[in-house]
Every structure is written in structure tokens, then in C-alpha cells.
Amino acid sequence: MALGVNFTLAPERAVEFFRAKGLNASFAWQDMLHEEHDRAFTVAKMLDLDLLADVQETVDRAISEGWTRQRFREELEPELVRRGWWGRAEMRDPATGEIQDVQLGSVRRLDTIYDTNLRTAYSAGHWERIQDNQATAPYVMYSAVLDARTRAQHRAWNGKVLRADDPWWKTHTPPNGWNCRCTVIQLSDRDLARLGKKGPDKTPASTDRDWTNPRTGEVVRVPVGVDPGFGYAPGASTRVAESDALAREKAQGAPPELRAAFLEWLDATIARRR
């Protein structure tokens, strides 16, 4: 029951998620990790904000108009070549001041930009719909594309059914790595019965490993089977922020003492998440 992401269909919520992003120029992909990608668009080594904004607009069109990867390449490559962001070049690392020989634009990099941004945007939009429909379809099944390219760990997770609110999804919602083609399928009780299940599966054991960010020296825990930088649920942080903002707005109509106590609790809750 594997299911691939269909990039020829453009869900509104995927488009909305992507369009809400700002811009963040970065030198290396390790400069921006996890939930930071919910808030900003970046391309490693693209330090010109005008160029970054133009690339963001092209990705936006790819998502909203359902472009193929080939169409994306054809649209973007000539512009990057014209503006000098193609091939190898020497560039100064803003963090260290060191001059490095780096790879700018290439067909492979365009494929990475296309795949990563479209898959995370579709994942965020799809997961928002899952949250909205939990009352009638409370389960989610992990779905991997089963072929020779499938990672062993992703193959092991294929077909696992968990509740939509299981904490496992906070770090294992696809995509779970570079070029990961996994996705999720929402299920109702009836769907679960058709699969011969009486309830959700046991949450897979999550074994973490240490990963040292070469840019900062920070050591973080990364789930085995998930590439560094992908251990988060796309769009989840923005949904939480929107809920917090709505709660803060509604609290303004409460009596002063109740409002003060609620806002103090809300601020403490937000602080604990950081």
C-alpha cells in the first residue's frame, strides 16, 4: 500500500505553508535545521537575497502549478547561469572568513531544491488536513516506496499504523532524509479493520545517535533512520504558533485576573517548548 507524493496536484495548504515563509540566506545546509524551515526559505551558498527571493518565487510556481522536476530545471537553470550562480566558484564563508571552493548551481542541486521544498510543503499541508480530520480518521500509516532505493529503516516502518497524536510523528513525519520518498496515509476505524487490525501498532522503538553539527560544534540527538536536519514534523511549529496567537487573542476578553493568570501560564508553556 505504498503511495508516492503526487507533485502534479497542488493542495492549497501546501501552497499556503510555503508562501508564509520568509527568507534566510545561509552558507551551509547545517546553518538552518528542523523547525527553522517552517519559517524561512533558504538555499545553501545563495547569499544574495534578491536571487534567493526569485528562486523562492520559482519554487512557489512549481508547487502551485504542479510543475515536474524537468520543468523546474528548464525554468531556473538559465536564470541561475545568467546571474552567475552556477558551477564551482570561490566564496567566503561568513562564519569563518575562510575562502572555499564551493558548488553553486548544478542539475543535482536543482533536483535537491525541488524535491526537498515540494516534499516538505506537501507534508505540511497533508499533516494539517490530518489534524483537522482526527475525529473521524484518528490513525496514520507510514508508507514507503518499496524498491531498491528504499532505506532499510524506512522499509521497516512501512505499514506501521499509529494514532495521529502519537509523539513518534514529531520526529518521524516524512520526508525523513535527502531524497526520501516516504509519505503517510490517514485511516479511519473502518480502514483499520480492512487492514485486519483491531488497533494501532506498537510505537516503533526510537534509537537515537549523536550528530555533531560541523558549523556550530553542537551535539544533537538524531533518530536512527532519519537524516540530520529532518527529525521534525514539517509545519507543526507554525500550527502551534498560530494556536498560541489565537489563545492569546481570545484571552483579551477574559476578566483581568483570569487573563493575567492564563497569559502567565501560556508564556511559561511556550518557554518550556524552546
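Reading the values: rules and limits
Residues numbered from 1 in each chain as written. Predicted model: local features only at pLDDT ≥ 70, side-chain atom pairs only at ≥ 80, totals over all residues. Heavy atoms only, no water. Helix = DSSP H or I, 4+ residues; strand = E, 2+ residues; numbered from the N terminus. Buried < 20%, exposed > 50% of the residue type's maximum accessible area, 1.4 Å probe, protein only. Contact = heavy atoms within 4.5 Å. Phe/Tyr/Trp six-rings, centres within 6.5 Å; stacked < 30°, edge-to-face > 60°. Pairing = 2+ DSSP bridges.

Some words on unusual backbone geometry
Trans is the prevailing form of peptide bonds, just as negative phi is the prevailing case for residues other than glycine. The linkage connecting Pro-174 with the following residue, Pro-175, adopts the cis geometry, with an omega of 5 degrees. Considering the arrangement of structural elements, one finds Pro-175 in the loop between helix H7 (169-172) and strand E7 (183-187). A positive phi angle is found at His-34, which is not glycine, with a value near 55 degrees. Positionally, His-34 belongs in the loop between strand E1 (22-23) and helix H2 (36-39). For His-34, a relative accessible area of 23% puts it in the partly exposed group. Of note, the phi angle at Lys-45 is positive, near 80 degrees, even though the residue is not glycine. Structurally, the position occupied by Lys-45 is in the loop between strand E2 (40-41) and helix H3 (49-65).

As for the environment of Trp-178
Relative to the assigned elements, Trp-178 resides in the loop between H7 and E7. Distance in space between the C-alpha atoms of Trp-178 and Asp-115 is 8.5 Å, their sequence separation being 63 residues. Those residues in contact with Trp-178, other than ones at most four positions away along the chain, are Trp-29, Thr-112, Thr-116, Arg-151, Asp-227 and Phe-230.

Regarding the packing of aromatic side chains
The full count for this structure, using the stated rule, is ten aromatic pairs. Residues Phe-72 and Tyr-114 carry aromatic rings whose centres are separated by 5.5 Å and whose planes lie at 50 degrees to one another, so their mutual orientation is tilted. Note that Phe-72 is positioned in helix H4 (residues 69-82) and Tyr-114 in helix H5 (residues 107-132), a separation of 42 residues in sequence. Arranged with centres 6.2 Å apart and planes meeting at 70 degrees, the rings of Tyr-142 and Trp-168 form a pair that is edge-to-face.

Let's talk about the pairing of strand E8 (residues 208-212)
Sheet topology note: the E8/strand E9 (residues 219-223) ladder contains five bridges and is antiparallel. Paired with Asp-208 across the strands is Pro-223, a residue of E9. Counted between consecutive antiparallel strands, the loop separating E8 from E9 contains six residues, among which Gly-217 sits at a positive phi close to 80 degrees.

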